[in-house]
Number of protein chains: 2
Amino acid sequence: MNDALQDELAALLGTAHVLTGDAATPYLTDWRKLVQGRARLVARPGSTEEVAAVMRACAARGVPVVPQGGNTGQVAGGVPGPEGDAVLLSLARMNRVRAIDAQNDTITVEAGCILQALQQAAREAGRLFPLSLGAEGSCMIGGNLASNAGGTQVLRYGNARELCLGLEVVLADGEVWHGLRGLRKDNGGYDLRDLFIGSEGTLGIITAATLKLFPLPAARCTAFAALAGIQDAGRFLARCRAGLHAVLTGFELISGDCLRLVTRTYPQQRAPLATLDAPWYVLLETSDSEDEAQALARLEAVLATALEAGEIGDVALAQSSAQARAMWQLRESITLALAEDGKCIKHDVSLPVSAIPSFVEGCDAALRRAFPGVRNFTFGHLGDGNLHYNVARPEGLDDAALHAMQPGLSRLVHDAVHALGGSISAEQGIGRIRTEDLLRYKPAVELRLMRAIKQAIDPRGLLNPGVLLQPPPL
Amino acid sequence: MNDALQDELAALLGTAHVLTGDAATPYLTDWRKLVQGRARLVARPGSTEEVAAVMRACAARGVPVVPQGGNTGQVAGGVPGPEGDAVLLSLARMNRVRAIDAQNDTITVEAGCILQALQQAAREAGRLFPLSLGAEGSCMIGGNLASNAGGTQVLRYGNARELCLGLEVVLADGEVWHGLRGLRKDNGGYDLRDLFIGSEGTLGIITAATLKLFPLPAARCTAFAALAGIQDAGRFLARCRAGLHAVLTGFELISGDCLRLVTRTYPQQRAPLATLDAPWYVLLETSDSEDEAQALARLEAVLATALEAGEIGDVALAQSSAQARAMWQLRESITLALAEDGKCIKHDVSLPVSAIPSFVEGCDAALRRAFPGVRNFTFGHLGDGNLHYNVARPEGLDDAALHAMQPGLSRLVHDAVHALGGSISAEQGIGRIRTEDLLRYKPAVELRLMRAIKQAIDPRGLLNPGVLLQPPPL
């Protein structure tokens, strides 16, 4: 499909960076393969000025634009819909580290920088960039910010939002907001930064960011504990927080069924505890400013009191980094093991930490009543109140039957979350997948405010249409 | 001035809570006495429903509303202008703690809750609410959030923004957004919370908030160090961060002139060091999860390496809480001692930490050239890159001459801050005092976005007109 826009973009970017046909195809499906979209073409600008030029060219023709980073999102927020009229704008070529200011503890990077490369650049400067998640080898920081990514160290360092000081953003009309500030305090006007963060590319295209850096931990300790009940997990978390404060950087809840699924699926992975039949496990991590001996002693002291109080039944403390990696590998293999088990119905929910036990017990029981034979595979970031609440099919049910079951089942789960003051999207966003849920669970006044903001900042609706906010019902 | 609106509000709130004349006067001047405003009346609603009813009554008549908390702001953002057409809405009666969820580490309070009462309520639940600032005995949390207050523990815990999980907000038309969520992760849509935080009452009236709580420190240590130069302060900060990580909760820079002004003005306050003639001092604080002996040992170890490296020349470690309080009292007396010295020209600026030495040296020198005889009294939160950059008059100059000097002098300071990537409002906001500065230093695209958001959320401009955003030039 050769057209004037394609010619103009090819002149701007070079023909090598305007893709159509087979070359464009890999950009049009999300990695979970939930959405197979279509696009007019794929544009790969290499600089902020080129992004702005692409936006101006598209705006002049009223052509929508779908920004894309590493395309690792769970909710298909970075791929186009079926219309075929949009330009897919890939930020992948904008992958430079622009600056590191070690004395200010900041790094400035372009949107297409792979998260792992960013972590590495920080490490080489003797600093920690703490955002860490399963997709870090391929996700890009621009997408992490556009979706306000979470991960395993939020308990200590916050979500992507909390790690960002400044942004550079290209708006729908091609204007550039140069907001790359490296300031810890700046109270001059409305918080545009946090409005763009988490807006999933619907208000502007993040092209670069100035991010916070932290001191590298002097020692990391990892432990794996068995628990007799979900209530104990909350008490154990409170004890760890009280005893370890900011030294506690990870607190992952893993159901016994998840652990046994992993060790059954991958027999080479061995459970770190003799106790194999516990209903719940916790993987916890500390990041200490003192040396390893002191860090271990500190963690051991807290674990001893938890054992004494009966909150944990058995616990293993990693004695080497290999042992620590093996513990984390168990945690990170849950998603893969679930995929081997066949399709399942996934939910990414958050709740007040205090509501987690009653949610898990109540919702598990309600599911078993309404959908006999379904199996729960629950794990998540307990310290953040964030559960990956996965539901696997009853034995023998085929994909079509599971698909038919999904809307009613997810409705039951999400209603239960909502009733307890939780969120149906903890860390993954809304994307194209959860727009109906947003309409169901958000208060009308909040939807009205969100639509007013979208209208104010992208009045022609050119940025990522169909993602996050659907148009109001007619 | 009896009128239909007054009658309606008196019927809604009771006549005791609709004030005019002398009873209204105390609400109409900011505490720095920079602005003497006028209002139609003062309304003191006692509940969210009453705030909403006041807003509906005002919106029906097109009457502007100025929300006010503790009225301790530095930029007159909580008092009306001279027009006299607005209703001043005081949140002071809405001062309840609605809920504490210790297991979720959250507290839900109404906007009129005094910051100190909120800290106390958290402490009684065995938790820390870390926001802390000079006005904490009279400022209210609603105002702290509306202005995104900072203070002395931002280095570790962040600004008011970072401490807030959820808001309840009454909009210009009287609708209520019930956003009191106690969630650490919630990626369902645009970040309205952070848009209201820091908007200085121009987008909505914050009536309640759900805030984060932290474990209480097991031990606090305080130290006071003398430094030979401003460059050393940056190196000393980096060393403390690397050695103490999140245990470092305060790092206050104090110029020698500030310290000597305090001890001269209040002879009963004694400097904690024999070194009285150093050009700079640092007051630092740690908040430890371990007991006092271990906490002191940890801090002593870091201070010993700083002494050895020559970054600090002399240091005193508080040996009792009385000694620690005396060190903090020196810091907190600077503003009062400056007031005794007579009016001075104040700036609340932030910079990348790495730019602080060149800013201080360059700007001090430029001021002495342009305004011979002026005296710098600089102090601030170095860990946040935030300086209170005060300039006192040359000896013998009267108030009128100082007043005449102010615009040119502040222009010089703010231009220097801006040139180094800093902000002319670090933690105090824009209010009525700095609206012209905002127009000068903000990029045009940012002002355009801010105006579009104001128009989208408060299209009739009823909320706090004249504060933060002035209308665009005709």
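Rules and cut-offs
What you see as residue numbers is a count from 1 along each chain, following the sequence as written. All chains are assigned letters beginning with A, and all ligands numbers beginning with 1, in the order in which they are written. Restriction of local features to residues with pLDDT of at least 70 applies here, the model being predicted, together with a cutoff of 80 or more for giving and counting side-chain atom pairs; totals for whole chains, interfaces and linings are based on all residues. As a rule here, side-chain values come from all non-hydrogen atoms in the structure, and water together with hydrogens is ignored. Secondary structure counts use DSSP, requiring at least four H or I residues in a row for a helix and at least two E residues in a row for a strand, with both numbered from the N terminus. Throughout, radius of gyration means the C-alpha value; the globule benchmark is 2.2 Å times the number of residues raised to the power 0.38. Each residue is placed in one exposure class: buried if its accessible area under a 1.4 Å probe, protein chains only, is under 20% of its type's maximum, exposed if it is over 50%, and partly exposed if it falls in between. Contacts are assigned to residue pairs with any non-hydrogen atoms lying within 4.5 Å of each other. Here the Shrake-Rupley method, with its probe set to 1.4 Å, supplies the accessible areas, and only the displayed protein chains count as covering residues. By the counting rule applied here, Lys and Arg register as positive and Asp and Glu as negative, while His and the ends of each chain are not counted. The atoms used to mark charge sites are NZ of Lys, CZ of Arg, CG of Asp and CD of Glu. We call Phe, Tyr and Trp rings a pair once their centres come within 6.5 Å, taking the six-membered ring for Trp, and we label the pair stacked below 30 degrees between planes, edge-to-face above 60, and tilted otherwise. Buried surface area refers to the total accessible area, computed with a probe of radius 1.4 Å, that the two partners give up upon joining, counted for both partners together. Just to be clear on terms, a salt bridge is a Lys or Arg side-chain nitrogen sitting within 4 Å of an Asp or Glu carboxyl oxygen. A 3.5 Å cut-off defines polar contacts: any pair of N or O atoms within that distance qualifies, except that in protein one atom must be a possible hydrogen donor and the other a possible acceptor, and neighbouring residues in sequence count only when both atoms are side-chain atoms. The least-squares superposition of copies is restricted to C-alpha atoms, and to residues with a pLDDT of at least 70 in both copies. By definition, two strands form a pair when at least two bridges between them are found by DSSP. Angular values range over 0 to 180 degrees, each being the angle between N-to-C directions of two axes fitted as lines to C-alpha atoms, with helices fitted over their stretch in contact. UniProt positions are given in the numbering used here, feature names are shortened, and annotations may be inferred rather than shown by experiment.

1. Some words on the overall build of chain A
Each helix and strand counted, chain A has 16 helices and 19 strands in total. Compactness check: chain A gives a C-alpha radius of gyration of 23 Å against a globular reference of 23 Å for 474 residues, within 12% of the reference. Counting the 474 residues in chain A, one finds 62% classified as buried. Considering only contacts in chain A between residues 6 or more positions apart, those separated by 24 or more positions represent 72%. If you sum the accessible surface of chain A, you get close to 17100 Å²; carbon and sulfur atoms cover 52% of it. Distance from the positive charge centre (44 side chains) to the negative charge centre (51 side chains) of chain A: 3 Å.

2. Some points on the packing of aromatic side chains
All names here are of chain B. For the structure shown, the criterion picks out ten aromatic pairs over all chains. An angle of 55° between the planes, with centres 5.5 Å apart, marks the rings of F236 and F251 as tilted. You can see F236 sitting in helix α7 (residues 230-244) and its partner F251 sitting in strand β13 (residues 248-255), a full 15 residues away along the chain. What makes F236 buried here is its relative accessible area of 0%. The exposure class assigned to F251 is buried, which follows from its relative accessible area of 2%.

3. Observations regarding the interface of chain B and chain A
Between chain B and chain A, the contact holds 88 residues from the first and 87 residues from the second. Roughly 6800 Å² of surface becomes buried between chain B and chain A when both sides are summed, with 53% attributable to carbon and sulfur atoms. Of all residues in chain B, the largest losses of buried area upon contact with chain A belong to K185(B), N187(B) and Y190(B), amounting jointly to 16% of the total for that side. For the interface between chain B and chain A, the tally reads 16 salt bridges. Its salt-bridge partner being D173(A), residue R448(B) comes within 3.3 Å of it at the nearest N-O pair. The tally of links between chain B and chain A comes to 51 residue pairs in polar contact (both at pLDDT 80 or more).

4. Remarks on the relation of the copies chain B and chain A
Mapping chain B onto chain A calls for a rotation angle of 180° and an axial translation of 0.0 Å; the resulting RMSD is 0.0 Å. Taken together, the rotation and translation describe the operation of a two-fold axis. A share of 99% of interface residues in chain B that are also interface residues in chain A marks the association as one of identical surfaces.

5. Structural notes on the sheet that holds strand β6 (residues 106-110) of chain B
All names here are of chain B. Pairing in this open sheet of five strands is antiparallel, and the strands run β5-β6-β10-β8-β9 from one edge to the other. In this open sheet, the two edge strands, each paired with only one partner strand, are β5 (97-101) and β9 (176-179). When strand polarity is set aside, the average angle formed by the axes of neighbouring strands in this sheet is 15°. Both β5 and β6 contribute to a ladder of four bridges, which runs antiparallel. Residue pairing in the sheet places V97 in a bridge with V109 of β6. Sheet strands touched by helix α2 (residues 48-61): β5, β8 (164-170), β9 and β10 (205-212). Its angle to β8, the strand with the most contacts, is close to 45°.

6. Concerning the sheet that holds strand β2 (residues 41-43) of chain B
All names here are of chain B. Spatially, four strands are ordered β1-β2-β4-β3 in an open sheet, and the strand pairing comes out mixed. What marks the edges here is a single partner per strand, and that holds for β1 (18-19) and β3 (65-68). Along the sheet, α2 contacts β2, β3 and β4 (87-90); its crossing angle with β4, the most-contacted strand, is approximately 170°.

7. Observations regarding the UniProt feature "domain: FAD-binding PCMH-type" (unreviewed entry) in chain A
The UniProt feature table records "domain: FAD-binding PCMH-type" (unreviewed entry) at residues 34-216 of chain A. Helix makes up 21% of residues 34-216 of chain A and strand makes up 24%, while its end C-alpha atoms are separated by 38 Å.

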